[in-house]
Amino acid sequence: MPRAQFVPLDTYREVPEEEMRAAARDFLETMRRRRTVREFSNRPVPRAVIEDCLLAAGTAPNGANRQPWRFVVVGDPAVKATIRKEAEVEERAFYTGGKAPQEWLDALAHLGTDEHKPFLEQAPWLIVIFAESYEVLEDGTRSKNYYVSESVGIATGMLITALHHAGLVTLTHTPSPMRFLNGLLGRPDNERPFLILVAGYPEEDATVPVITKKPIEEIAVFVE
Ligand code: IYR
């Protein structure tokens with residue numbers, strides 16, 4: 001691949017320190033209002049909003065700029081119903097079929113999750129995120145992608161942030177195993193299901209568990 005053309009960094013805007021402190025604090029407050037929600041309204045959300053949030057996610061830094069993600073956005077009620085049905089088969093095996101180790105079930109118990117996934121039908125959009133382990137070139141040969149999980153994880157975080165910023169709520173759902181999504185959505189083998197991001201408005205009487213986030217001393221170590 002030829003070397004890219006280099007141009008001045010004219011998109012960068014320096015923020016004066018006072019403003020920087022305020023911006024960092026304001027953004028923290030914004031992010032502290034984000035909650036994972038499990039009860040969704042069926043109120044529609046414009047496709048254009050989802051498209052802009054996906055474009056924001058697509059700006060994520062990633063390995064060699066391969067952009068190894070593919071977002072399959074499902075709004076079709078019939079497809080959502082099938083995803084729910086198949087996800088619940090896997091989840092039943094996980095929760096009640098003896099598939100999940102007791103230690104894992106114990107770790108989850110305080111959140112009250114179970115094999116029932118009505119949100120997969122209620123929410124207006126299911127964003128099924130696939131990670132492209134490799135690309136298939138025109139001559140059929142494989143071209144490897146790099147840092148795929150890291151790249152797709154970063155893009156997913158940015159997508160969650162973009163949707164929250166736009167006034168929507170999300171749920172990161174990980175039916176396991178997820179390969180059924182390839183068949184159902186007609187995706188090729190080089191795309192590995194990463195997670196399902198459920199997006200929409202919360203149900204009016206939605207509740208969330210009381211949980212805390214770790215303080216700075218527990219999540220960071222400064223070496224200075
Ligand atoms: N995939 C299951 C189980 C699950 C696992 C973790 I770790 C969670 O934080 C939440 C759920 C599910 O989606 O219910």
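Please read these numbers as outputs of a predicted model, since none were measured by experiment.

### Some remarks on the pairing of strand β5 (residues 169–173)
Part 1 of the argument: Burial runs high along β5: 4 of the 5 residues are buried.
Part 2 of the argument: Of the pairings in the sheet, the one linking β5 to strand β6 (residues 191–200) comprises 5 bridges and is antiparallel in character. Considered in β6, the bridge of Thr170 is made with Ala199.

### A word on the packing of helix α2 (residues 47–57) against helix α6 (residues 148–165)
Part 1 of the argument: Two elements in contact, α2 and α6, have axes whose closest approach is 8 Å; the angle formed by their N-to-C orientations is 145 degrees. For the pair α2 and α6, the crossing hand works out as right-handed. Together, Ile50, Cys53, Leu54, Ala56 and Ala57 of α2 and Ala155, Met158, Leu159, Ala162 and Leu163 of α6 make up the contact between the two elements.
Part 2 of the argument: Of the residues assigned to the contact of α2 with α6, the class counts are 10 nonpolar, no polar and no charged.

### Focus on the side chain of Thr170
Part 1 of the argument: In this fold, Thr170 is placed in strand β5.
Part 2 of the argument: Dropping the residues within four chain positions of it, Thr170 is found in contact with Arg35, Thr36, Val37, Phe40, Ile160, Leu163, Leu197, Val198 and Ala199.

### Quick word on the environment of Ala131
Part 1 of the argument: Tracing the chain through its elements places Ala131 in strand β2 (residues 125–132).
Part 2 of the argument: Taking the C-alpha atoms as reference, Ala131 lies 11 Å from Asp189; in sequence the two are 58 residues apart.
Part 3 of the argument: Leaving out residues up to four positions away in the same chain, Ala131 has contacts with Pro68, Val148, Val152, Asn190, Glu191, Arg192 and Phe194.

### Side note on the packing of aromatic side chains
Part 1 of the argument: Counted under the stated rule, the structure contains 2 aromatic pairs.
Part 2 of the argument: Between the aromatic rings of Phe94 and Tyr95, the centroid separation amounts to 4.9 Å while the plane-to-plane angle is 80 degrees, which identifies the pairing as edge-to-face. Tyr95 shares its class with Phe94; the two are buried.
Part 3 of the argument: Residues Phe94 and Trp104 carry aromatic rings whose centres are separated by 4.8 Å and whose planes lie at 85 degrees to one another, so their mutual orientation is edge-to-face. Here Phe94 is found in helix α3 (residues 77–95), whereas its partner Trp104 is found in helix α4 (residues 102–108), with 10 residues between them in sequence.
Part 4 of the argument: Residue classification places Phe94 among the buried positions, given a relative accessible area of 8%.
Part 5 of the argument: Here Trp104 falls in the partly exposed class, since its relative accessible area comes to 46%.

Rules behind the numbers
Residues numbered from 1 in each chain as written. Predicted model: local features only at pLDDT ≥ 70, side-chain atom pairs only at ≥ 80, totals over all residues. Heavy atoms only, no water. Buried < 20%, exposed > 50% of the residue type's maximum accessible area, 1.4 Å probe, protein only. Helix = DSSP H or I, 4+ residues; strand = E, 2+ residues; numbered from the N terminus. Pairing = 2+ DSSP bridges. Axes fitted to C-alpha atoms, helices over the stretch in contact; angles between N-to-C directions. Left-handed = near helix turned anticlockwise from the far one by under 90°. Contact = heavy atoms within 4.5 Å. Nonpolar A, V, L, I, M, F, W, Y, C, P; charged D, E, K, R; others polar. Phe/Tyr/Trp six-rings, centres within 6.5 Å; stacked < 30°, edge-to-face > 60°.

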